[in-house]
Amino acid sequence: MVGIIAMIGSIVAISVTGGLNEQRLLSALDDLAVEIRSAQSEATLTGEERILRYDLDKQRLSLETLPEMNVDDLAGDDDTEDLDRRRRELRSKRGEETRFYDLPDNVRLSAIRIGKETHERGEVPVLFGPDGVSEAHRIRLSPTVEGSVDIALEVRGLTGEMT
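Thresholds applied
- Residues numbered from 1 in each chain as written.
- Predicted model: local features only at pLDDT ≥ 70, side-chain atom pairs only at ≥ 80, totals over all residues.
- Heavy atoms only, no water.
- Pairing = 2+ DSSP bridges.
- Helix = DSSP H or I, 4+ residues; strand = E, 2+ residues; numbered from the N terminus.
- Axes fitted to C-alpha atoms, helices over the stretch in contact; angles between N-to-C directions.
- Buried < 20%, exposed > 50% of the residue type's maximum accessible area, 1.4 Å probe, protein only.

**Quick word on the sheet that holds strand 5 (residues 117-119)**
To summarise the sheet geometry, strands pair through backbone hydrogen bonds and adopt either a parallel or an antiparallel arrangement.
Point 1. Read from one edge to the other, the open sheet built from 4 strands follows the order 5-4-7-8, with strand pairing classed as antiparallel. The open sheet terminates on both sides in strands that have one partner only, identified here as strand 5 and strand 8 (151-155). Taken pair by pair, the neighbouring strands of this sheet meet at an average axis angle of 20°, ignoring direction.
Point 2. Bridge count for strand 7 (residues 137-143) against strand 8 is 5 bridges, and the pairing is antiparallel. Within strand 8, the position partnered with R138 by the bridge is E154.

**Here we look at the pairing of strand 1 (residues 50-55)**
Point 1. Of all 6 residues that make up strand 1, 6 are buried, and the element is covered over most of its length.
Point 2. In strand 1, alternate side chains face the same way, and those of R50, L52 and Y54 on one face and I51, R53 and D55 on the other are all buried.
Point 3. With 6 bridges joining them, strand 1 and strand 2 (residues 60-65) adopt antiparallel strand pairing. What sits directly across from R50, in strand 2, is T65.
Point 4. Hairpin remark: strand 1 followed by strand 2, antiparallel, with 4 residues in the connecting loop; positive phi at Q59, about 55°.
Point 5. Relative to strand 6 (residues 123-128), strand 1 runs antiparallel, the two being bridged by 6 bridges. Directly across from R53, in strand 6, lies its bridge partner P125.

So, in C-alpha coordinates, the structure goes:
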(Lines give C-alpha, C1' and ligand atoms only; values in the text may rest on other atoms or scores of the structure.)
Protein backbone atom coordinates (compact mmCIF):
# COMPACT_ATOMS: atom_id res chain seq x y z
CA MET A 1 0.00 0.00 0.00
CA VAL A 2 2.82 2.41 0.90
CA GLY A 3 4.50 1.59 -2.45
CA ILE A 4 1.35 2.52 -4.38
CA ILE A 5 1.00 5.82 -2.51
CA ALA A 6 4.67 6.65 -3.17
CA MET A 7 4.25 5.84 -6.86
CA ILE A 8 1.14 8.04 -7.13
CA GLY A 9 3.00 10.83 -5.31
CA SER A 10 5.89 10.71 -7.77
CA ILE A 11 3.52 10.80 -10.76
CA VAL A 12 1.76 13.86 -9.32
CA ALA A 13 5.14 15.54 -8.65
CA ILE A 14 6.27 14.91 -12.24
CA SER A 15 3.05 16.31 -13.74
CA VAL A 16 3.16 19.41 -11.49
CA THR A 17 6.82 20.02 -12.40
CA GLY A 18 6.02 19.63 -16.11
CA GLY A 19 3.16 22.11 -15.76
CA LEU A 20 5.42 24.62 -14.02
CA ASN A 21 8.05 24.32 -16.76
CA GLU A 22 5.40 24.95 -19.41
CA GLN A 23 4.11 27.98 -17.46
CA ARG A 24 7.63 29.42 -17.24
CA LEU A 25 8.10 28.94 -20.97
CA LEU A 26 4.79 30.65 -21.74
CA SER A 27 5.66 33.48 -19.36
CA ALA A 28 9.00 34.04 -21.13
CA LEU A 29 7.16 34.01 -24.47
CA ASP A 30 4.78 36.69 -23.16
CA ASP A 31 7.77 38.78 -22.06
CA LEU A 32 9.30 38.48 -25.55
CA ALA A 33 6.02 39.57 -27.13
CA VAL A 34 6.02 42.67 -24.89
CA GLU A 35 9.58 43.53 -25.99
CA ILE A 36 8.66 43.10 -29.66
CA ARG A 37 5.58 45.32 -29.27
CA SER A 38 7.76 47.83 -27.47
CA ALA A 39 10.23 47.95 -30.37
CA GLN A 40 7.37 48.45 -32.83
CA SER A 41 5.77 51.17 -30.71
CA GLU A 42 9.01 53.04 -30.08
CA ALA A 43 9.89 53.06 -33.78
CA THR A 44 6.41 54.30 -34.69
CA LEU A 45 6.14 56.94 -31.96
CA THR A 46 9.61 58.40 -32.53
CA GLY A 47 9.56 58.05 -36.32
CA GLU A 48 13.01 56.45 -36.08
CA GLU A 49 14.15 52.93 -36.84
CA ARG A 50 14.95 50.59 -33.97
CA ILE A 51 16.91 47.35 -33.80
CA LEU A 52 15.83 44.47 -31.61
CA ARG A 53 18.96 42.36 -31.22
CA TYR A 54 18.54 38.73 -30.17
CA ASP A 55 21.73 37.37 -28.61
CA LEU A 56 21.61 33.58 -28.69
CA ASP A 57 24.96 33.21 -26.89
CA LYS A 58 24.18 35.53 -23.96
CA GLN A 59 20.49 34.58 -23.87
CA ARG A 60 19.23 38.14 -23.96
CA LEU A 61 17.74 40.68 -26.28
CA SER A 62 18.31 44.39 -26.45
CA LEU A 63 16.48 47.28 -28.01
CA GLU A 64 18.75 49.79 -29.70
CA THR A 65 18.40 53.20 -31.24
CA LEU A 66 20.39 53.62 -34.41
CA PRO A 67 23.56 55.71 -34.39
CA GLU A 68 23.58 59.05 -36.17
CA MET A 69 24.00 58.46 -39.89
CA ASN A 70 24.87 60.70 -42.79
CA VAL A 71 21.80 61.34 -44.96
CA ASP A 72 23.90 60.60 -48.07
CA ASP A 73 24.50 57.08 -46.74
CA LEU A 74 20.77 56.42 -46.84
CA ALA A 75 20.05 58.02 -50.20
CA GLY A 76 19.26 55.79 -53.13
CA ASP A 77 16.55 54.38 -55.30
CA ASP A 78 13.52 52.75 -53.77
CA ASP A 79 14.03 49.52 -55.67
CA THR A 80 14.07 46.25 -53.76
CA GLU A 81 17.80 45.66 -54.12
CA ASP A 82 18.62 49.10 -52.70
CA LEU A 83 16.21 48.65 -49.79
CA ASP A 84 17.71 45.25 -49.00
CA ARG A 85 21.19 46.76 -49.03
CA ARG A 86 20.04 49.57 -46.71
CA ARG A 87 18.48 47.08 -44.29
CA ARG A 88 21.71 45.05 -44.18
CA GLU A 89 23.73 48.21 -43.49
CA LEU A 90 21.39 49.36 -40.73
CA ARG A 91 21.28 45.93 -39.11
CA SER A 92 25.09 45.74 -39.04
CA LYS A 93 25.44 49.02 -37.14
CA ARG A 94 25.49 49.05 -33.37
CA GLY A 95 23.11 51.46 -31.77
CA GLU A 96 22.77 52.81 -28.28
CA GLU A 97 21.17 50.18 -26.12
CA THR A 98 18.04 51.64 -24.58
CA ARG A 99 17.05 48.54 -22.64
CA PHE A 100 17.58 44.82 -22.49
CA TYR A 101 15.83 41.67 -21.36
CA ASP A 102 17.62 38.59 -20.01
CA LEU A 103 15.80 35.32 -20.43
CA PRO A 104 15.07 33.38 -17.24
CA ASP A 105 17.54 30.60 -16.36
CA ASN A 106 15.02 27.85 -17.11
CA VAL A 107 14.30 29.05 -20.68
CA ARG A 108 16.68 29.12 -23.65
CA LEU A 109 16.45 31.22 -26.81
CA SER A 110 17.30 28.35 -29.16
CA ALA A 111 16.81 29.75 -32.69
CA ILE A 112 15.76 32.77 -34.72
CA ARG A 113 14.65 32.39 -38.32
CA ILE A 114 14.54 35.37 -40.69
CA GLY A 115 13.41 34.40 -44.16
CA LYS A 116 15.10 31.14 -45.04
CA GLU A 117 18.02 31.62 -42.62
CA THR A 118 17.94 29.98 -39.20
CA HIS A 119 20.38 31.25 -36.59
CA GLU A 120 21.26 29.15 -33.55
CA ARG A 121 24.27 31.15 -32.33
CA GLY A 122 25.48 34.71 -32.24
CA GLU A 123 23.52 37.91 -32.55
CA VAL A 124 20.50 38.33 -34.79
CA PRO A 125 19.40 41.95 -35.31
CA VAL A 126 15.86 42.67 -36.50
CA LEU A 127 15.07 46.10 -37.89
CA PHE A 128 11.80 47.90 -36.99
CA GLY A 129 10.90 50.79 -39.28
CA PRO A 130 9.18 54.05 -38.32
CA ASP A 131 6.01 52.74 -39.98
CA GLY A 132 5.94 49.78 -37.55
CA VAL A 133 6.99 47.29 -40.22
CA SER A 134 9.70 44.84 -39.23
CA GLU A 135 11.44 41.89 -40.71
CA ALA A 136 9.27 38.80 -40.39
CA HIS A 137 10.91 36.35 -38.04
CA ARG A 138 10.30 33.27 -35.92
CA ILE A 139 11.62 32.84 -32.39
CA ARG A 140 12.04 29.38 -30.84
CA LEU A 141 12.25 29.01 -27.08
CA SER A 142 13.31 25.79 -25.38
CA PRO A 143 13.10 24.76 -21.76
CA THR A 144 16.36 23.92 -20.06
CA VAL A 145 14.69 20.86 -18.50
CA GLU A 146 14.38 17.54 -20.31
CA GLY A 147 10.94 16.32 -21.27
CA SER A 148 9.35 19.67 -22.08
CA VAL A 149 8.56 20.84 -25.59
CA ASP A 150 9.82 23.88 -27.50
CA ILE A 151 7.51 26.76 -28.24
CA ALA A 152 7.69 29.27 -31.11
CA LEU A 153 6.52 32.81 -31.76
CA GLU A 154 6.01 33.93 -35.34
CA VAL A 155 6.22 37.70 -36.00
CA ARG A 156 4.69 38.87 -39.26
CA GLY A 157 6.72 41.73 -40.67
CA LEU A 158 4.07 43.85 -42.34
CA THR A 159 1.40 43.74 -39.66
CA GLY A 160 3.48 42.92 -36.59
CA GLU A 161 0.93 40.24 -35.72
CA MET A 162 2.32 37.52 -33.48
CA THR A 163 1.16 33.91 -33.46
